[in-house]
Amino acid sequence: MRLRISVLPGCLLLFLVFASISDGNCQQLRGVAGMDGNASANGTASRIVAEDSFNNTAFVEVIDHRELEPCSGYFCQKYFDEICIIMTHNSHAVAGDSWSPNQYKSERAQMKDGIRGFAMDIYEDNGKLTLKHGKSDPLGVDYPQRVREILSELASGRYKDDFFVIQFETYVSEEGIRKVCEAWGNKIILNFDRSKMLGEYIAQGRQVLLFTDHGNAMSHLGMHKSAHFIAENNYRWTDSRGSPNLAWRRGPKGGNQRYAKMMSYFCSKTGIGNPLTSRTVNDPGRMLYHARQYMKQGYAQGQINIIMVDFYNEGNPFAAQQAIRDGSMFRGCLGDGSSCSSGTSCYKCCAERHEWWDSKGGNACGKEPCWKSGRTADFFVTKRNCCRGAHCPWYWFGVCKCN
């Protein structure tokens, strides 16, 4: 059975409906309707399930005729693949809550600092949902309590035009997925439509988009399959002096559908969060250098939407985020042939590569071009660099000239 009820703006509806159940008896159904649904042209709709004492079910659609609040922030006129946000890796893993911290502050404080993406591992034990850094983590965080803290901060009024992306590793049952989603109440987005601008969801008050990269996806409840919406690179990165592994790991590889591109950008030799390496790689110049490298990958299609980091307080990833947002990431970079210092200024190279140039006797941006005719140097240098080989008579005693 399905009923339709109109609701006055902003009210909470307590309802009693007498429903005709399949056996012809008239049963009394009870329920509570809040603002929990998808937007229509005239307001928001909510679908409530009511049950009688015999567990027969009726569906009541409640229409709220209040006007949607206009959205005017950064996310409002953008699609999912047009944003740029910093996401914290193992967002819940802080000292005292995890044996292996990846962050200094919990999610509530992260929100205040500007973080708009969280990554969490969630486990289920006898029906209890816990956030852990790996199954063997002896500590852990009560999931419903952590969500209540986030929602309390979200209700503060500072985030009315903001949008949050949360990626889970879900090690839970189907019933667990339902509980994971229900904890977010009417802030969660159901059946996310990538063809809609985010402002349509934000105007409804639906500001939280959930994904799972491990386990069941139930988009009708609000849990979406990450691999359908987000492309990612390989996350293993052990040498902070080098570049992250930007090879495709999972998610879409191209095509006409919109999808977000996420660069996993946390470095550790041991797999445990490291503030020192985070300080190195979270330098904004360094991050932008690798972001430009990332954007050249085929699956990235010239975009970068999410950067996942450890210890965001180290370095300044928000400066890199802003440069990507306003397009200045390509301004002021060093052109090919510009001398630079490896590990510092070379990360400002426009070409996203640098190497030793024999012609300069030091590092420079880009690839050194081959040497044209008439250039002289020692035997080994000319062998490496002459475009058409070199002339090296014995009586020049190791000196050669490019042909």
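Residues numbered from 1 in each chain as written. Predicted model: local features only at pLDDT ≥ 70, side-chain atom pairs only at ≥ 80, totals over all residues. Heavy atoms only, no water.

1. Quick notes on the pattern of salt bridges
- All told, the structure shown has 19 salt bridges when counted by the stated rule.
- Note that Asp-162 and Arg-116 form a salt bridge whose closest N and O atoms lie 3.3 Å from each other. Taken as a pair, Asp-162 in the loop between helix H2 (143-154) and strand S10 (164-171) and Arg-116 in the loop between helix H1 (107-113) and strand S7 (117-125) lie far apart in primary sequence, 46 residues in all.
- According to the relative accessible area criterion, Asp-162 is buried, its value standing at 15%.
- Classification of Arg-116 as buried rests on a relative accessible area of 10%.
- Between Arg-384 and Asp-358 there is a salt bridge whose closest N-O contact spans 3.0 Å. Highlighted residues: Arg-384 in helix H9 (residues 379-385) and Asp-358 in the loop between strand S17 (354-357) and strand S18 (362-365), separated in sequence by 26 residues. (Salt bridge = Lys/Arg side-chain N within 4 Å of Asp/Glu carboxyl O. Helix = DSSP H or I, 4+ residues; strand = E, 2+ residues; numbered from the N terminus. Buried < 20%, exposed > 50% of the residue type's maximum accessible area, 1.4 Å probe, protein only.)

2. Considering the layout of surface pockets
- Each pocket or cavity is described by its volume, and for the second largest pocket that value is around 600 Å³.
- Around the second largest pocket, the lining is made up of 32 residues, and of these His-89, Asn-90, Glu-169, Tyr-235 and Phe-266 lie nearest the centre.
- Mapped onto the lining of the second largest pocket, the elements with two or more residues apiece are S7, S10, strand S14 (248-250) and strand S15 (260-264).
- Top contributing element to the lining of the second largest pocket by residue count: S7, with 4 residues.
- Partitioned by chemical class, the residues of the lining of the second largest pocket number 11 nonpolar, 12 polar and 9 charged. (1 Å grid on protein atoms, 1.4 Å probe; cavity = no way out; pocket = protein on both sides within 12 Å on 5 of 7 lines; lining within 4 Å. Points joined across faces, edges and corners; volume = space filled by probe spheres on them. Nonpolar A, V, L, I, M, F, W, Y, C, P; charged D, E, K, R; others polar.)

3. So, a nonpolar patch on the surface
- A cluster of nonpolar side chains, namely Trp-394, Tyr-395 and Phe-397, defines an oily patch on the protein surface of about 490 Å² accessible area.
- Its relative accessible area of 68% is what places Trp-394 among the exposed residues. (Patch = residues over 30% accessible without salt bridge, like charges linked within 9 Å, V, L, I, M, F, W, Y side chains within 5 Å. Areas by Shrake-Rupley, 256 points an atom, 1.4 Å probe, with all protein chains shown as cover.)

4. Remarks on the pairing of strand S6 (residues 85-88)
- Burial along S6 is two-sided: the residues Ile-85 and Met-87 and Ile-86 and Thr-88 are all buried.
- Bridge analysis of S6 against strand S16 (residues 306-309) gives 4 bridges, and the strand direction is parallel. Among the inter-strand pairings, Thr-88 is bridged to a residue of S16, identified as Val-309.
- Bridge count for S6 against S7 is 2 bridges, and the pairing is parallel. (Pairing = 2+ DSSP bridges.)

5. Examining the nonpolar core
- Residues Tyr-143, Phe-168, Trp-184, Leu-210 and Ile-307 are the most contacted members of the largest nonpolar core, which totals 51 residues.
- Looking at this core element by element, the count peaks at 5 residues for helix H7 (residues 284-295).
- In contact with Trp-184, other than residues within four places in its own chain, are Tyr-143, Val-147, Ile-150, Leu-151, Ile-166, Phe-168, Val-208 and Leu-210.
- Within the second largest apolar cluster, 24 residues are counted, among which are Cys-76, Met-87, Ala-119 and Phe-266. (Core = buried A, V, L, I, M, F, W, Y, C linked by side-chain atoms within 4.5 Å. Contact = heavy atoms within 4.5 Å.)

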